[in-house]
Amino acid sequence: MLRPSSIAESVHERIYDRIMSLQIPPGARIPIDGMARELNVSQTPVREALARLEREGLVRKAHLIGYSASAQLTHKEFDDLYKFRLMVEPESARQACLRMTEEAMARIEAAAADMEKGEQPVDRNSRYSRFARADAHLHDEILKAADNEIVRQALNDQHIHLHIFRLMFHSRVTQEALEEHERLLAALRARDADAAFEAMRDHIERSRDRLAAAFE
Ligand SMILES: [Zn+2]
């Protein structure tokens, strides 16, 4: 028998996977009773999972309608998200250079190494999923090093990598960002605040230009 907490965990994961792989398409309704029957569980863990997915920005709850998968990012939302990243992440990379402890730099190095050396996933989609998570982790370690929890929380609240992953699900993705990360890391290692600012700005601009292809 699974414990209730592991049932909730597994229900969350199964619905999450269906949303991320677009088996539940953006905007589609997710009825609690139907999902509970399909997953052969009671409604309680489904409710819990949907509440958590709502906090993660992957589902929306509407009065009298219930839950549905969040709509795909619009081009405008995508642009706004990248403008926001450009406002805060280059400056955070600069701040990281000024405030960073040795431990924080070690965590950044570990996150970057994990991106390059992670085990080979079985297919394109899980490869990008792993890449997106590892990239989010690396960027978060830099925000931690910058030591401004308000900025860090504001970015985390956007769940950028989840939205980008869904957006890119049907398109080709590359890992050319690794070179950009290398430049960023070199600046952080040297505690060169201006170079870190420039490298982060350059990386986010290029990332935006690569992903904008999803709207063409
Ligand atoms: Zn990155």
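The structure under discussion appears in the preceding block.
Read on for a plain summary of the structure. What you see is a predicted model; the values in this text were computed from it and never measured. (Residues numbered from 1 in each chain as written. Predicted model: local features only at pLDDT ≥ 70, side-chain atom pairs only at ≥ 80, totals over all residues. Heavy atoms only, no water.)

**Topic: the environment of His 137**
Relative to the helices and strands, His 137 is located in helix H6 (residues 124-146). Each C-alpha atom of the pair His 137 and Met 115 lies 9.2 Å from the other, and the pair is 22 residues apart in sequence. (Helix = DSSP H or I, 4+ residues; strand = E, 2+ residues; numbered from the N terminus.)

**So, the coordination of the zinc ion**
Distances from the zinc ion to its protein donors, Asp 135 (OD), His 139 (NE2), His 181 (NE2) and His 203 (NE2), fall at 2.1 Å. With 4 donor atoms in place around the zinc ion and angles of 91 to 162° between them, the coordination shape is irregular. Considered as a linear motif, the donors of the zinc ion on their single chain read D-x3-H-x41-H-x21-H. Taken together, the positions of Asp 135 in helix H6 and His 181 in helix H9 (residues 177-189) put the pair 46 residues apart, joining distant regions of the chain. Owing to a relative accessible area of 16%, Asp 135 belongs among the buried residues under this scheme. On the basis of relative accessible area, His 181 is assigned to the buried category, the value being 4%. (Donors = N, O, S within 2.8 Å, 3.2 Å for Na, K, Ca; no water. Tetrahedral: all angles 85-135°; square planar, octahedral: opposite > 155°, others 65-115°. Buried < 20%, exposed > 50% of the residue type's maximum accessible area, 1.4 Å probe, protein only.)

**Let's talk about the packing of aromatic side chains**
What the rule picks out here adds up to 2 aromatic pairs. Residues Phe 78 and Phe 215 carry aromatic rings whose centres are separated by 5.2 Å and whose planes lie at 55° to one another, so their mutual orientation is tilted. Here Phe 215 lies in the segment after helix H10 (193-211) and Phe 78 lies in helix H4 (residues 75-99), a separation of 137 residues in the sequence. According to the relative accessible area criterion, Phe 215 is partly exposed, its value standing at 26%. Site record: aromatic cluster; members linked through ring pairs are Phe 78, Tyr 82 and Phe 215. (Phe/Tyr/Trp six-rings, centres within 6.5 Å; stacked < 30°, edge-to-face > 60°.)

**Quick word on the pairing of strand E2 (residues 66-69)**
Pairing geometry for strand E1 (residues 59-62) and E2, over 4 bridges, is antiparallel. By the bridge assignment, Val 59 is partnered in E2 with Ala 69. Where E1 folds back onto E2 in an antiparallel hairpin, the turn is made up of 3 residues, including Leu 64, whose phi is positive at roughly 70°. (Pairing = 2+ DSSP bridges.)

**A closer look at the nonpolar core**
Of all hydrophobic cores here, the largest spans 39 residues; its most connected members are Phe 78, Ile 108, Leu 138, Ile 142, Ile 164 and Leu 188. Elements with a contribution of two residues or more to this core: H4, helix H5 (102-117), H6, helix H8 (160-167), H9 and H10. Counting residues in hydrophobic clusters, the runner-up holds 23 residues, among them Met 20, Val 46, Ala 49 and Leu 58. (Core = buried A, V, L, I, M, F, W, Y, C linked by side-chain atoms within 4.5 Å.)

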